[in-house]
Amino acid sequence: EIEKEDLRLLQKQPATAALPAWAMEKLSQRKIKAINTAYPRWQEVFEEELPKKWRINLVGLGDVGSTLLIGLRLLGGDKISQLGIYDIDALKVTRWEFEINQIRYPDTNQLPPVITLTEDTLFDCDMFVFCVTVGIPALDSKGVDVRMAQLEGNGRIISFYAKKAREAGFKGVFAVVSDPVDLLCKKALLESNINQEGQYDFMGLAPEQIRGYGLGVMHGRAAYYAAKTPELQHYLQEGRAFGPHGQHLVIADSLASYNQEYSLQLTDKARNANLELREHGFKPYVAPALSSGAIAILETISGHWHYSATYIGGVYMGARNRLLKSGTELEQYELPKQLMSRLCNSYKELESIL
């Protein structure tokens, strides 16, 4: 039993006999859902259902958004019924609706149709994907934390859409792909729950509606370097990624036999991979858009294990999890003390920023 919602949710807990047998059975079948009655809209949780096929609306058709759109269109035929696109630049919308719908198989179209959206139809969907990005530092910027440099500009924009979600009474998943994803998730939560008098009334987005997609590529980068280094290749089967897509990332080389030195080595390589590519004159957006974005989103709506940031005690913390009809299930581990200490430091840093 955990008295407070915090990182102990990631720690395997000893078996308890506090619940009756019928409740334990339903828990094992994922037929029990946790409800926080402190929220005024808690009764709406009983009405929530996950769709068989998802309607996904994507806002922001820059490098990341357009690449993510391609990934969802090509990979999402079994799980996505429709993709909606929106950008303040109407020409981008025209271009992508025109091109993306011309991607077809020779005999049949098994790909989800792409439609254009207006500001009034942004939240007519099961998942809203925020890919808007402003103020990316120049490629020759040195010593700049790109994620934090984006917080102010992207924070203003996500506040606008979070309030729109509140006005629409949005009940679906509010997915954040723009950086810094974990902090923008918290920003969206706070802004959507403020009324016209500037008071928190918690009538906006629920904490569990918001998910951040940035950690998938950090796992991908760690795996990339591990595959090239014989003594680190065990990460591919045993390793995990945690925390934000940035400075306070935590890579664990192995959950079976944790090695602090190897883990810090992989963390450093994964954290600085984007800087390495920027030094060659390229913006690192393809892997993030597909690994953190398209693949992780498709795994989410399929109910599979994936990397995303979810709400843990007031902080959006990245970890492996899956979205089920009973809610979000976090993967749990026997966490060694050194790793738990690193996770706590990351958690506290995120908590202190917003």
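All values reported here derive from a predicted model rather than from experimental measurement.

About the criteria used
Residues numbered from 1 in each chain as written. Predicted model: local features only at pLDDT ≥ 70, side-chain atom pairs only at ≥ 80, totals over all residues. Heavy atoms only, no water. Helix = DSSP H or I, 4+ residues; strand = E, 2+ residues; numbered from the N terminus. Rg over C-alpha atoms; globule rule 2.2 N^0.38 Å. Buried < 20%, exposed > 50% of the residue type's maximum accessible area, 1.4 Å probe, protein only. Contact = heavy atoms within 4.5 Å. Areas by Shrake-Rupley, 256 points an atom, 1.4 Å probe, with all protein chains shown as cover. Lys, Arg positive; Asp, Glu negative; His and termini not counted. Charge placed at Lys NZ, Arg CZ, Asp CG, Glu CD. Patch = residues over 30% accessible without salt bridge, like charges linked within 9 Å, V, L, I, M, F, W, Y side chains within 5 Å. Salt bridge = Lys/Arg side-chain N within 4 Å of Asp/Glu carboxyl O. Phe/Tyr/Trp six-rings, centres within 6.5 Å; stacked < 30°, edge-to-face > 60°. Polar contact = N/O pair within 3.5 Å; in protein donor to acceptor, adjacent residues only side chain to side chain. Pairing = 2+ DSSP bridges. Axes fitted to C-alpha atoms, helices over the stretch in contact; angles between N-to-C directions. Parallel < 35°, antiparallel > 145°, perpendicular 65-115°, else oblique. Left-handed = near helix turned anticlockwise from the far one by under 90°. Nonpolar A, V, L, I, M, F, W, Y, C, P; charged D, E, K, R; others polar.

Enquirer: Please explain the overall build of the protein chain as it appears in this structure.
Expert: Assigned secondary structure in the protein chain consists of 10 helices and 11 strands. Relative to its length of 354 residues, the protein chain is compact, with a C-alpha radius of gyration of 20 Å against a globular reference of 20 Å. Seen through its principal axes, the protein chain has C-alpha atoms that stretch 55 × 50 × 50 Å. Counting over 354 residues, the protein chain shows a buried share of 48%. Of the contacts made within the protein chain by residues no fewer than 6 positions apart, 71% connect residues no fewer than 24 positions apart. Carbon and sulfur atoms make up 52% of the accessible area of the protein chain, which totals about 17,700 Å². In the protein chain, 39 side chains carry a positive charge and 43 a negative one; their mean positions are 2 Å apart.

Enquirer: Looking at this structure, I do not really get a nonpolar patch on the surface. What am I missing?
Expert: A surface patch of nonpolar side chains, about 450 Å² in accessible area, is lined by L19, W22, M24, L27 and I32. Tracing the backbone shows M24 in helix α1 (residues 21–28). Looking at M24, the relative accessible area reads 35%, which means it is partly exposed.

Enquirer: Just to check I follow, could you spell out the packing of aromatic side chains for this structure?
Expert: The geometry of an aromatic ring pair comes down to the distance between the two centres and the angle between the two planes. The full count for this structure, using the stated rule, is 12 aromatic pairs. Note on Y39 and F202: the rings are 5.8 Å apart at their centroids and 90 degrees apart in plane angle, and the pair reads as edge-to-face. Of the two residues, Y39 sits in the loop between α1 and β1 (54–59) while F202 sits in the loop between α5 (181–192) and β6 (210–212), which places them 163 residues apart along the sequence. With relative accessibility at 25%, the residue Y39 sits in the partly exposed group. A relative accessible area of 39% means that F202 is categorised as partly exposed. With a centroid separation of 5.1 Å and 85 degrees between ring planes, the pair formed by F160 and Y161 is classed as edge-to-face. Classification of Y161 by relative accessible area gives buried; the value is 5%.

Enquirer: Explanation requested: the side chain of S292 in the structure shown.
Expert: The topology assignment puts S292 in helix α9 (residues 286–301). By relative accessible area, S292 is classed as buried at 2%. Within the structure, S292 has its side chain in polar contact with the backbone nitrogen of G216 (distance 3.3 Å). Beyond its immediate chain neighbours, meaning those up to four positions away, S292 contacts Y213, G214, L215, G216, V217 and A287.

Enquirer: Mind showing me how you'd approach unusual backbone geometry here?
Expert: The omega torsion across D179 and P180 is -10 degrees, close enough to zero to call that bond cis. Turning to its location among the elements, P180 is positioned in the loop between β5 (173–176) and α5. Its identity as a non-glycine residue notwithstanding, R30 has a phi of 55 degrees, on the positive side. Within the fold, R30 resides in the loop between α1 and β1. Judged by its relative accessible area of 30%, R30 is partly exposed. Unlike most non-glycine residues, F202 shows phi in positive territory, near 55 degrees.

Enquirer: Just to check I follow, could you spell out the pairing of strand β4 (residues 127–130) for this structure?
Expert: Side chains on a regular strand alternate between the two faces of the sheet. Of the two faces of β4, both are covered, the one formed by M127 and V129 as well as the one formed by F128 and F130. As judged from the four bridges shared by β1 and β4, these two strands associate in the parallel manner. The residue bridging V59 from the neighbouring strand is F130, located in β4. Where β4 lies against β5, four bridges are found, and the strand directions are parallel. Bridge pairing in β5 links M127 to V173.

Enquirer: What am I meant to see in the side chain of H245 here?
Expert: Relative to the helices and strands, H245 is located in the loop between β7 (240–242) and β8 (250–252). Of the polar contacts made by the side chain of H245, one reaches the backbone oxygen of G214; its length is 3.3 Å.

Enquirer: Can you walk me through the packing of helix α2 (residues 63–75) against α9 in this structure?
Expert: For any two helices packed against each other, the geometry comes down to the angle between their axes and how far apart the axes lie. It is the contact of α2 with α9, at a shortest axis distance of 9 Å, that shows an interaxial angle of 40 degrees. The orientation of α2 relative to α9 falls into the category oblique. The interaxial crossing formed by α2 with α9 has right-handed handedness. Along the contact surface, α2 presents V64, T67, L68, G71, L72 and L75, while α9 presents V286, A289, L290, G293, A294, I295, I297 and L298. Classifying every residue of the contact of α2 with α9 gives 11 nonpolar, three polar and no charged.

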